[in-house]
Amino acid sequence: MSVLAHVIEAAGISTVVLASMRPVVEKMRPPRSLYCEFPLGRPLGIPGDAEFQHRVLTEAFSLLDTTADHGPIIRDFDEVVESDEQPVECALPPRFDPNLPACVDEARGLRNAYDRAVAKRRHTDVGRAVDADTVPEVLAAFHRIASGDDWTTVAIPGKNTVAVMHDVRAYYEEAALELVGTAGARSLEAWFFEATEAGKTTLAARQAIKDGGGPFPFWFYMAPGHR
Amino acid sequence: MNGDQAMREMGKNLPVPTFDGTAWASAPRLRDATVAIVTSAAIHRAHDDRFSAGDTGYRMIPSDAHDLVMGHWSPNFDHTGFQIDLNVVFPIDRLHELAADKVIGRVAPRHYSFAGNQPDDVSAIRLDSGPAVAAELKRDGVDVVLLTPV
């Protein structure tokens, strides 16, 4: 972001960065920054709260209205918004087919909620590497790896574990948002990795790939770094 | 340590490019200004080419587009806020409200999205795709750019 601020300002256009990491703007010195200590991924602070978002914009644009003739200017927004790391309360489907791995059964059980979410939003974040139909197959592959199969012998649909996990999480999170309406930052991440069979299976497969000598980017980015 | 704290701790030691100086362009009065959004959230229209890992390019987002998806590769930040309300990343509805209230002059017709996860030297954005977007913004008469990260 700060690089683009330098580049765009050098072209003669005034810029304001909504900064999410203060040390980065302190080092990179873009012309104008409003440091907002909000959940990463939510630079305007609170989804669905137009009044709060307008407060952030008013403060950001006020950095343009000064007599200053040089930067950098860094100001702190006066309110902190924190993530919510408690798993969201979201019902999971009951076991339907005991012959399937629990994570596969679960993913299939969430399909109706996912479909309703897509119908409402009219598009989906799923589809980088696999589509929604393939999500249960991905989880079946992770289940095999987590259960002891050599990861190099298991065909993972979509191949790229990072891209595949983007799709699996988007599938679960879009379904969950349809069921719960809204959620604090990271509370669906906590729900996915701590409450769902898919999340637990993913973490177990990730550990198995790591233990099996898999390349760092292949397993590490399957989940947030702190997990 | 929670996820955001872990990322912000990492950010303290993140290798960043340095600049000899800080460019400065004086803005017109906000009520006369054309305002655009440039984001590093790697959002894009659903039918656009997806961002590849290490993508140094950009995607253009028309002012009236709401069919936006999250194309960022990092699992280390919250993606759900954007799914709930795209304005929490890309405050396009807020800008339209500010224009209607005559707080800003007008909303630019085109906005731009990059992927924040870049090679450490970010030379492509610095020398290639960044200046290309700056030229497009100039073409649209943009006076002010709001930059939003994730």
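Just so it is clear, the structure is predicted and the values come from calculations on it, not from any experiment.

A. Region of interest: the overall build of chain B. A tally of regular secondary structure across chain B gives four helices and seven strands. In chain B, the order of α-helices and β-strands from amino to carboxyl end is α-β-β-β-β-α-α-β-β-α-β. A principal-axis box enclosing the C-alpha atoms of chain B has dimensions of 45 × 40 × 30 Å. Within the span of chain B, comprising 150 residues, buried residues form 45% of the whole. If you take every contact in chain B between residues at least 6 apart in sequence, the share linking residues at least 24 apart comes to 78%.

B. Expanded view of the domain arrangement of chain A. The domains assigned to chain A are domain 1 (2-76) and domain 2 (102-220). Its C-alpha centre places domain 1 of chain A at a distance of 34 Å from the equivalent point of domain 2 of chain A.

C. Representation of the interface of chain A and chain B. Opposite the 68 residues of chain A that make contact, chain B presents 62 residues. Among the elements of the structure, helix H1 (2-10), strand S1 (14-19), helix H2 (22-28), helix H3 (50-62), helix H7 (161-180) and helix H8 (187-195) of chain A are those that each provide at least two residues to the side of chain A that touches chain B. Among the elements that make up the side of chain A that touches chain B, the one with the highest residue count is H1 of chain A (eight residues). Tallied by class, residues from the side of chain A that touches chain B come to 38 nonpolar, 16 polar and 14 charged. Sheet analysis places S1 of chain A next to strand S7 (residues 144-148) of chain B, joined by four bridges and oriented parallel. Following the sheet pairing, Ser14 of chain A is matched in S7 of chain B by Val144 of chain B.

D. Fine view of the nonpolar core. Formed by 69 residues in total, the largest nonpolar core has its most connected members in Leu4 of chain A together with Val145 and Leu147 of chain B. Among the elements that take part in this core, H1 of chain A stands out by supplying five residues, more than any other. Beyond its immediate stretch of four places on either side in the chain, Val145 of chain B contacts Ile8, Ile13 and Thr15 of chain A together with Ala36, Val38 and Leu137 of chain B. Residues Phe142, Val164, Met165 and Tyr171 of chain A belong to the second largest nonpolar core, which totals 44 residues.

E. Representation of the packing of helix H6 (residues 135-146) of chain A against H7 of chain A in the model. Residue and element names in this part refer to chain A. Two numbers describe how H6 lies on H7: the axes approach to 10 Å, and their chain directions differ by 120°. One finds that H6 runs oblique with respect to H7. When the axes of H6 and H7 are compared, the crossing they make is left-handed. For the pair H6 and H7, the contacting residues are Val135, Val138 and Leu139 in the first and Val164, Asp167, Val168 and Tyr171 in the second.

F. Quick peek at the pairing of strand S1 (residues 34-39) of chain B. All names here are of chain B. Burial runs high along S1: six of the six residues are buried. What you see with S1 is no split at all: Thr34, Ala36 and Val38 on one side and Val35, Ile37 and Thr39 on the other are buried throughout. In the sheet, S1 pairs with strand S6 (residues 110-114) via two bridges, with the strands oriented parallel. Along S6, the bridge assignment pairs Thr39 with Ser113.

G. Representation of unusual backbone geometry in the model. In this model, Gly71 of chain A is joined to Pro72 of chain A through a cis peptide bond whose omega is 0°. As for its placement among the helices and strands, Pro72 of chain A is situated in the loop between H3 and strand S3 (73-76). The backbone of Arg122 of chain A sits at a positive phi, close to 70°, despite the residue not being glycine. A count of 9 C-beta atoms within 10 Å places Arg122 of chain A in the exposed class. A positive phi angle, close to 60°, is found at Lys102 of chain B, a residue other than glycine. Note that Lys102 of chain B resides in the loop between helix H3 (92-100) and strand S5 (106-107). Assessed through the 11 C-beta atoms surrounding it within 10 Å, Lys102 of chain B is described here as exposed.

H. Up close: helix H1 (residues 3-12) of chain B. Taken as a whole, H1 of chain B has its buried residues at Gly3, Asp4 and Met7 of chain B. End-on view of H1 of chain B: buried residues confined to an arc of 95°, all on one side of the axis.

I. The packing of helix H4 (residues 102-109) of chain A against H6 of chain A, seen in detail. Residue and element names in this part refer to chain A. Running from N to C, H4 and H6 cross one another at 165°; their axes reach a closest spacing of 8 Å. The angle between H4 and H6 falls in the class roughly antiparallel. Where H4 crosses over H6, the handedness of that crossing is right-handed. Residues Cys103, Val104, Ala107 and Arg108 of H4 touch H6, and the partners they reach there are Val135, Pro136, Leu139, Ala140 and His143. For the contact of H4 with H6, the residue count by class is seven nonpolar, one polar and one charged.

J. Molecular detail of the environment of Ser40 of chain B. You can see Ser40 of chain B is positioned in the loop between S1 and strand S2 (43-45). Looking at Ser40 of chain B, the number of C-beta atoms within 10 Å reads 26, which means it is buried. In sequence terms Ser40 of chain B and Phe19 of chain B are 21 residues apart; their C-alpha atoms lie 19 Å from each other. The residues contacting Ser40 of chain B, other than those within four sequence positions of it, are Met1 of chain A together with Phe114, Ala115, Gly116, Pro149 and Val150 of chain B.

Basis of the calculations
- Residues numbered from 1 in each chain as written.
- Chains lettered and ligands numbered in written order.
- Predicted model: local features only at pLDDT ≥ 70, side-chain atom pairs only at ≥ 80, totals over all residues.
- Helix = DSSP H or I, 4+ residues; strand = E, 2+ residues; numbered from the N terminus.
- Buried ≥ 20, exposed ≤ 12 C-beta atoms within 10 Å, placed from the backbone.
- Contact = placed C-beta atoms within 7 Å.
- Domains from an automatic or database assignment.
- Nonpolar A, V, L, I, M, F, W, Y, C, P; charged D, E, K, R; others polar.
- Pairing = 2+ DSSP bridges.
- Core = buried A, V, L, I, M, F, W, Y, C linked by C-beta atoms within 7 Å.
- Axes fitted to C-alpha atoms, helices over the stretch in contact; angles between N-to-C directions.
- Parallel < 35°, antiparallel > 145°, perpendicular 65-115°, else oblique.
- Left-handed = near helix turned anticlockwise from the far one by under 90°.
- Arc of directions from axis to C-beta.

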